[in-house]
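Listed below are the residues making up each chain.
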Amino acid sequence: MPQELLFEINAAFDHLSRYWQYDEPEEKVVHKACAHIKRACFDAYKLILKSTVDDYENLKEIDTSIKDNGEFDKRLIQLSSKLEKKATKARELEGNNAEDWHKAFEPWKEVYNLCQELKYNFVENENVPWARRKNKLYTRKNLAVAFVLGIITSLIASLIFFFAFSPNETKPPSEKQAPAVKESNYSEE
């Protein structure tokens, strides 16, 4: 279970224990415990949303444009946009419904349904593994071509450098002229 939920549940039970431990009024401890349980529910929705956004980001890294003649990507982007708008609205309404927080759950239910739609219709689509394999094959093919082209261009550059900067006439080392030696100003006495 995610930490965020565990913290809220722990806080809720802490408030409930105050009824017996510190003789706090039942209505007060139940109200505070209920607020923590409510917060845990909202956190659960947000964790599902975060997981869905992560799945969407991973899906965007795969070239799915060939799927359904581009319709797959078009529907995915539309759903993502709709999900973002609904999630933003749900978060705004969460704070506006303090007196009747049950109303704040309705927009989050819509967000949850959109998350499920994205998961089942896109992330877990039967053609996504095929697109992932195709993408890897394409990447490997491009890497191999780039490697071979790199070797070829290096060889061509080496040959150009060799012929451009080498002397026109090459002599064996024995026939090459030795460097001239300067005569010294010192005389032998």
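Residues numbered from 1 in each chain as written. Predicted model: local features only at pLDDT ≥ 70, side-chain atom pairs only at ≥ 80, totals over all residues. Heavy atoms only, no water.

## As for the overall build of the chain
Alright, step 1. Helix and strand counts for the chain stand at five helices and zero strands.
Alright, step 2. Along the chain, helices and strands appear, N-terminal first, in the series α-α-α-α-α.
Alright, step 3. A total of 189 residues make up the chain; the buried ones form 22% of that total.
Alright, step 4. Taking the intrachain contacts of the chain between residues at least 6 apart in sequence as the baseline, contacts between residues at least 24 apart amount to 70%.
Alright, step 5. As displayed, the chain has an accessible area near 15000 Å², and 56% of this comes from carbon and sulfur atoms. (Helix = DSSP H or I, 4+ residues; strand = E, 2+ residues; numbered from the N terminus. Buried < 20%, exposed > 50% of the residue type's maximum accessible area, 1.4 Å probe, protein only. Contact = heavy atoms within 4.5 Å. Areas by Shrake-Rupley, 256 points an atom, 1.4 Å probe, with all protein chains shown as cover.)

## What about helix H2 (residues 26–60)?
Alright, step 1. The terminal C-alpha atoms of H2 lie 51 Å apart, and with 35 residues this matches the ideal 51 Å at 1.5 Å per residue to within 8%.
Alright, step 2. Within the sequence span of H2, burial applies to Val29, Ala33, Ala40, Phe42, Asp43, Tyr45, Leu49, Thr52, Tyr56 and Leu59. (Expected span 1.5 Å × (residues − 1).)

## Some details on the nonpolar core
Alright, step 1. Core analysis: the largest hydrophobic core is formed by 20 residues, its most contacted members being Leu49, Leu76, Leu83, Trp108, Val111 and Phe122.
Alright, step 2. Within the residue set of this core, elements represented by two or more residues are H2, helix H3 (71–96) and helix H4 (102–123).
Alright, step 3. When residues of this core are assigned to their parent elements, the largest contribution, eight residues, is made by H4.
Alright, step 4. Those residues in contact with Val111, other than ones at most four positions away along the chain, are Leu49, Leu83, Lys86, Ala87 and Ala90. (Core = buried A, V, L, I, M, F, W, Y, C linked by side-chain atoms within 4.5 Å.)

## Some remarks on H3
Alright, step 1. Here H3 contains 26 residues, and its C-alpha end-to-end distance of 38 Å stays within 8% of the 38 Å for a straight helix at 1.5 Å per residue.
Alright, step 2. Taken as a whole, H3 has its buried residues at Phe72, Leu76, Leu79, Ser80, Leu83, Ala87, Ala90 and Glu94.

## A short note on the packing of aromatic side chains
Between two aromatic rings, the relevant description is the distance of the centres plus the angle of the planes.
Alright, step 1. Counting across every chain of the model gives seven aromatic pairs.
Alright, step 2. Considering the side-chain rings of Tyr45 and Phe105, the 6.4 Å spacing of their centres and the 50° angle between planes classify their relative orientation as tilted. Of this pair, Tyr45 sits in helix H2 while Phe105 sits in helix H4; the two residues are 60 residues apart in sequence, bridging distant segments of the chain.
Alright, step 3. On the accessibility criterion, Tyr45 (18% relative accessible area) is buried.
Alright, step 4. Here Phe162 and Phe163 contribute two aromatic rings whose centre-to-centre distance is 5.2 Å and whose plane-to-plane angle is 75°, an arrangement assigned as edge-to-face.
Alright, step 5. An aromatic cluster is built from Phe42, Tyr45, Phe105, Trp108 and Tyr112, whose rings are joined through pairwise contacts. (Phe/Tyr/Trp six-rings, centres within 6.5 Å; stacked < 30°, edge-to-face > 60°.)

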